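Letter by letter, the chains look like this.
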Amino acid sequence: MKRILALVMLICITVLICVAMIINLKQGISDKGIQRLRCDINSEQYHFLDNEAIVLAESSSDTGLREVALVAFNEVNDIRADAGLNSLKWDKNLESVANVRAKECSIKFSHIRPNGKEWYTVNSRIQGGENLAYGFDNADDCVEAWMASPTHRDNILYDEFDKVAISIYEEGGVYYWSEQFSY
């Protein structure tokens, strides 16, 4: 009887561990559609590049908001340093993408773009991860909110990312944040 009870307990524990692993995967960032692996980018059969949106994003940038984005960038790198990770480098191409996504979020706040396409289709060759936020008027609060969210935190602390850019777009007194990561 003790052997049967021990076997049943072992099976129950195994099932619980499997369920926990499945739940963890379901809550993971790649299943949420906000992170793509390097191999996914390299094996991309179609190269999406929204040239019109990128030109639009580069045509207007608020230098005051860019300064706030750079403060957030430094905070993210401080967090990574505290975790023993390499600093991310600011990337101008990702900045163009972040500009597009921040503006798009003022229309539709989602990882699906207003045109119905996935978030990474602004430039599928460089977009590896995306964090979004809105309503925060300073870098401290935005980065703190990203770190309080498991999926956003995972992007910030993902050791394979080495490039980033952050953009903020203001519409009607609301600030829309886009943080784009790459390899």
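Residues numbered from 1 in each chain as written. Predicted model: local features only at pLDDT ≥ 70, side-chain atom pairs only at ≥ 80, totals over all residues. Heavy atoms only, no water.

1. Description of the pattern of salt bridges
- Counted by the stated rule, this structure contains five salt bridges.
- The salt bridge involving Glu95 is made with Lys92; its shortest N-O contact spans 3.5 Å. Of this pair, Glu95 and Lys92 both sit in helix α5 (residues 92-105), three residues apart, which is roughly one turn of the helix.
- For Glu104, the salt bridge identified is with Arg113, shortest N-O distance 2.7 Å. Arg113 carries the same exposure label as Glu104, and that label is buried.
- Shared partners join several salt bridges into a network, and the residues in it are Arg101, Glu104, Arg113 and Glu130. (Salt bridge = Lys/Arg side-chain N within 4 Å of Asp/Glu carboxyl O. Helix = DSSP H or I, 4+ residues; strand = E, 2+ residues; numbered from the N terminus. Buried < 20%, exposed > 50% of the residue type's maximum accessible area, 1.4 Å probe, protein only.)

2. Considerations on the sheet that holds strand β3 (residues 163-171)
- Here four strands make up an open sheet; going across it, the order is β1-β3-β4-β2 and the pairing mixed. Each edge of the sheet is formed by a strand with only one pairing partner; in this case those strands are β1 (89-90) and β2 (129-134).
- Across nine bridges, β3 lies against strand β4 (residues 174-182) in antiparallel orientation. What sits directly across from Ser167, in β4, is Ser178.
- Set on the sheet, helix α4 (residues 63-82) makes contact with β1, β3 and β4; between it and β3 the angle comes to about 140 degrees. (Pairing = 2+ DSSP bridges. Contact = heavy atoms within 4.5 Å. Axes fitted to C-alpha atoms, helices over the stretch in contact; angles between N-to-C directions.)

3. Observations regarding the nonpolar core
- Formed by 29 residues in total, the largest nonpolar core has its most connected members in Trp146, Ile166 and Trp177.
- Mapped by element, the contributors of at least two residues to this core are α4, α5, α6 (139-148), β3 and β4. (Core = buried A, V, L, I, M, F, W, Y, C linked by side-chain atoms within 4.5 Å.)

4. Notes on the environment of Arg38
- Position of Arg38 among the secondary structure elements: in helix α2 (residues 38-42).
- Residue classification places Arg38 among the partly exposed positions, given a relative accessible area of 36%.
- For the pair Arg38 and Gly128, spaced 90 residues apart in the sequence, the C-alpha separation amounts to 7.1 Å.
- The contact partners of Arg38, leaving out residues within four places of it in the chain, are Glu160 and Tyr183.

5. Side note on the pairing of β4
- Burial analysis of β4 places seven of its nine residues in the buried class, the great majority of the element.
- Two elements, β2 and β4, share six bridges in a ladder whose sense is antiparallel. Looking across to β4, one finds that Glu130 is bridged to Gln180.
- Hairpin connection between β3 and β4: a loop of two residues separates the two successive antiparallel strands, and Gly172 in this loop has a positive phi of roughly 60 degrees.

None of this, on its own, says anything about what the molecule does.
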